[in-house]
Amino acid sequence: MRALLRDLPIRRKLVVILMIATGGALFLAGAGLLTLDYFRFRREMVTDLTTLAEIVAQNTTAPLSFNFPEAAEETLAALGAKPSVLGASVYGKQGALFAKWAREGAKPDFPSRPGPEGFEFRRDSLALFEPVMLGDDRIGTVYVESSLTEISKRLRFRFLTMAGVFLASALAALALSANLQGLISRPVLHLSETARAVSERNDYSLRVEKQSADELGRLVDAFNQMLSQIEERDTELQSAKDDLELRVQARTRELRAANVELQQSNRELDDFAYIASHDLKEPLRGIHNYSMFLLEDYADKLDADGKSKLETLMRLTRRMEVLIDSLLQYSRLGRIDLNMEEVDLNEVLAEVLENLDVNFKSEQVEVSIPRPLPRVLGDRVQLGEIFHNLIVNGVKYNDSRPKRIEIGYEAGRPPVFYVRDNGIGIPDKHYDAIFRIFKRLHAREKYGGGTGAGLTIVKKIVERHNGSIRVESTPGEGTTFHFTLAKGDSLAAQPTDPARRGQS
Ligand code: ADP
């Protein structure tokens, strides 16, 4: 029953509950009334029949006293006026049947001898014995038998009336409950509809109208209050978000401006370095030339010490020139625009290796490229410079035989390229220093010399391509340089696929 009711809509549930309650009450009341009626009808019948029997008893004293059965039969026949009476008989003082009368068609169960005074309900009749008295003397007994159809007729009538009343009041209750259930169901439905609207539209400005001051009213109040709180928090959150957005925008503008400024000052710095180094080269060449003239023209006037000092001077000026050239190269990088194009790194690498091939033969260098490199967006010449510098370093700072160089990449967005060697390695405390211009970790002449600008230039090229570079090394085992040539998706590389190369 409960399970059946549970999933019904509230509106129906209320009507069903009200109907069950009123129906049950009416049924119980009806059943009680019918039971009461049944017993009352029986009592009334007994009273009626007793009265009749008493009358008959009085009217048969004379026929009994004078032994005149015909007169007694006449008296009995008068009972025919009462339709429920089936028959009656009279017995003498000794109990012998004296006279009897039976309704036509009826078969009363006349006892052969009178029973004890009083009534007895049988299956479908009521039987009654009444003494016939003459003064204090009992001179006989009257027996009357009545059918019970009267009772069932009256009960049936009662039942039908009650069923009518029951039906009418059930209908009235139905109408009433259908009407009144709204008192409870309407606010609940309203509440649930609003809750649905709130969750569907995320609109916390909705409110439920309060219709009563009972528990439902309090529920509505609590619900509205909850919505207000959410709305308030929502507004706060939104304004915090707006505020944050504004701040982010402002910060982005600032950063952009700073970036532009930085680029400008970088460029100015490059310009300055370029012009300065360019202008320095001329007097330097002069110093070099004049030292040479001195050595040639005054050879006979200089002693050995003087000559050696002049030779040192010339060596130093040559070195200074190399340094200035590196500076020129470095500053030129920042002054020229990148020539961005789709570049097949395999071609670039092949070119670089071809140029280095001469040196490699004598040095037992083994270069391996595990898989073809992808195509990238970049400046072909400068990308070649990256590989050139890294490969040269891998060979230069390497005591192993054979010297192994591996060039490859890990796919990703953007792909990460690497150049690995089995060289002398770099202690991790120098990881930052090696990218600083003119910074070398070794004595000037060791490992084939160098200016200390190579990695600085590599880093600059990588960064101009929006990429980054880092080093990973184990001293005595080898070094790997990892670098990217783009950030995020914008310069995402496609794998080199011979079939696709023709299409693009
Ligand atoms: P240079 O090679 O002209 O000295 P770089 O800028 O190319 O200048 O390198 C800076 C320093 O970093 C080098 O002097 C060397 O000590 C160290 N280095 C660079 N590459 C490697 C490498 N592959 N293995 C070990 N050390 C290296």
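Now for a look at the structure at hand.

Conventions and cut-offs
- Along each chain, residues carry numbers from 1 onward, in the same order as the chain's sequence is written.
- In keeping with the predicted nature of the model, local features appear solely for residues at pLDDT of at least 70, side-chain atom pairs appear and are counted solely at 80 or more, and the whole-chain, interface and lining totals rest on all residues.
- Remark: hydrogens and water are excluded; side-chain values derive from all non-hydrogen atoms of the structure.
- Secondary structure is summarised from DSSP: a helix means a run of H or I of at least four residues, a strand means a run of E of at least two, and numbering begins at the N terminus for each.
- For each residue, the accessible area found with a 1.4 Å probe, counting protein chains only, is set against the maximum for its type, and the residue is called buried under 20%, exposed over 50%, and partly exposed in between.
- Contacts are residue-level and defined by heavy atoms, with any inter-residue pair within 4.5 Å sufficient.
- Each accessible area is a Shrake-Rupley result for a 1.4 Å probe, and residues are judged covered by the shown protein chains and nothing else.
- Two strands form a pair only when DSSP identifies at least two bridges running between them.
- All axes are obtained by fitting lines to C-alpha atoms, using only the stretch in contact for helices, and the reported angles, taken between N-to-C directions, cover 0 to 180 degrees.
- Here, proximity means that at least one heavy atom of the residue falls within 4 Å of the molecule or strand.
- Throughout this description, a polar contact denotes any pair of N or O atoms lying within 3.5 Å of each other; where both atoms belong to protein, one of them has to be capable of donating a hydrogen while the other can accept it, and for residues adjacent in sequence the pair is counted only when both atoms sit in side chains.
- Under the convention adopted here, Pro, Cys and the residues Ala, Val, Leu, Ile, Met, Phe, Trp and Tyr are nonpolar, Asp, Glu, Lys and Arg are charged, and Gly plus all remaining residues are polar.
- In these notes, a set of buried Ala, Val, Leu, Ile, Met, Phe, Trp, Tyr and Cys residues joined through side-chain atoms within 4.5 Å is what counts as a nonpolar core.
- By the definition used in this description, the sense in which the near helix is turned from the far one sets the handedness, with an anticlockwise turn below a right angle giving left-handed and a clockwise turn giving right-handed.

### A word on the overall build of the protein
Helices and strands together make up the secondary structure of the protein, namely eleven helices and twelve strands. Along the three orthogonal principal directions, the C-alpha set of the protein runs to about 205 × 50 × 45 Å. Taking all 504 residues of the protein together, the buried fraction comes to 35%. Put simply, 64% of the contacts in the protein that link residues at least 6 apart link residues at least 24 apart. Summing over all exposed atoms, the protein offers an accessible surface of approximately 31300 Å²; the carbon and sulfur share of this is 55%.

### A closer look at the sheet that holds strand β1 (residues 85–91)
Pairing is antiparallel across the open sheet formed by five strands, whose spatial order is β2-β1-β5-β4-β3. With partners counted over all chains shown, the strands left at the sheet margins are β2 (97–102) and β3 (118–121), one partner each. Averaged over all pairs of adjacent strands, the angle between strand axes in this sheet comes to 15 degrees, irrespective of strand direction.

### Regarding the sheet that holds strand β12 (residues 478–483)
Hydrogen bonds between backbone groups are what pair the strands of a sheet, and the pairing can be parallel or antiparallel. The five strands are arranged β7-β9-β10-β12-β11 in an open sheet whose pairing can be described as mixed. The outermost strands of the open sheet, each flanked by one partner alone, are β7 (365–368) and β11 (469–474). Within the sheet, the average angular offset between the axes of one strand and its neighbour, ignoring direction, is 15 degrees. As paired strands, β11 and β12 are joined by six bridges and run antiparallel to one another. Paired with Glu-472 across the bridge in β12 is Thr-480. Sheet contacts for helix α9 (residues 380–396): β7, β9 (403–410), β10 (416–421) and β12; angle to β9, the most-contacted strand, approximately 145 degrees.

### Quick word on the site of the ligand
Around the ligand, a shell composed of 21 residues is seen, among which Asn-393, Tyr-397, Asp-421, Arg-440 and Leu-455 lie nearest. Here an oxygen atom of the ligand and a side-chain polar atom of Asn-393 are 2.8 Å apart. Contacts to the ligand include Gly-454, whose backbone N or O atom sits 3.3 Å from an oxygen atom. Relative to its unbound accessible surface of 530 Å², the ligand loses 98% to contact with the protein. When contributions to the shell around the ligand are tallied by element, the ones reaching two or more residues are α9, α10 (454–464) and β12. Per-element tally for the shell around the ligand: the top contributor is α9, with three residues. By residue class, the composition of the shell around the ligand is eight nonpolar, nine polar and four charged.

### Here's the deal with α10
Inspection of α10 places Leu-455, Thr-456, Ile-457, Val-458, Lys-460, Ile-461 and Val-462 among the buried residues, and these make up the whole buried set. Immediately beyond the C-terminal end of α10, within one or two residues, lies Asn-466, with a positive phi of roughly 70 degrees.

### A closer look at the pairing of β12
Where a strand is regular, its side chains alternate between the two sheet faces. Counting buried residues in β12 gives six out of six residues, a clear majority hidden from the surface. In β12, alternate side chains face the same way, and those of Gly-478, Thr-480 and His-482 on one face and Thr-479, Phe-481 and Phe-483 on the other are all buried. Of the pairings in the sheet, the one linking β10 to β12 comprises five bridges and is antiparallel in character. In the sheet register, Phe-417 faces β12, and the bridge partner there is Phe-483.

### Topic: the nonpolar core
Core analysis: the biggest nonpolar cluster contains 37 residues, and Leu-345, Ile-386, Phe-387, Ile-391, Phe-481 and Phe-483 have the highest contact counts within it. Those elements giving two or more residues to this core turn out to be α8 (345–363), α9, β9, β10, α10, β11 and β12. No other element matches α8, which puts seven residues into this core. Leaving out residues up to four positions away in the same chain, Phe-387 has contacts with Leu-345, Val-348, Leu-349, Val-352, Leu-373, Ile-407, Val-419 and Phe-483. Core analysis: the next-biggest nonpolar cluster, separate from the first, contains 29 residues, Leu-79, Val-85, Phe-98 and Ile-139 among them.

### Description of the environment of Pro-63
When you line up the elements, Pro-63 lands in helix α3 (residues 61–65). Relative accessible area serves as the criterion here: at 6%, Pro-63 is assigned to the buried category. Taking C-alpha positions, Pro-63 is 147 Å from Val-260, a pair spaced 197 residues apart along the chain. If we skip the residues at most four places from it in the chain, Pro-63 touches Phe-68, Ala-71, Ala-72 and Phe-98.

### As for the packing of α9 against α10
At a minimum axis separation of 9 Å, α9 and α10 run at an interaxial angle of 145 degrees. In the packing of α9 onto α10, the handedness of the crossing is left-handed. Within the contact between the two elements, α9 uses Gln-382, Glu-385, Ile-386, Asn-389, Leu-390 and Asn-393 and α10 uses Gly-454, Leu-455, Ile-457, Val-458, Ile-461 and Val-462. Residues belonging to the contact of α9 with α10 are distributed by class as follows: seven nonpolar, four polar and one charged.

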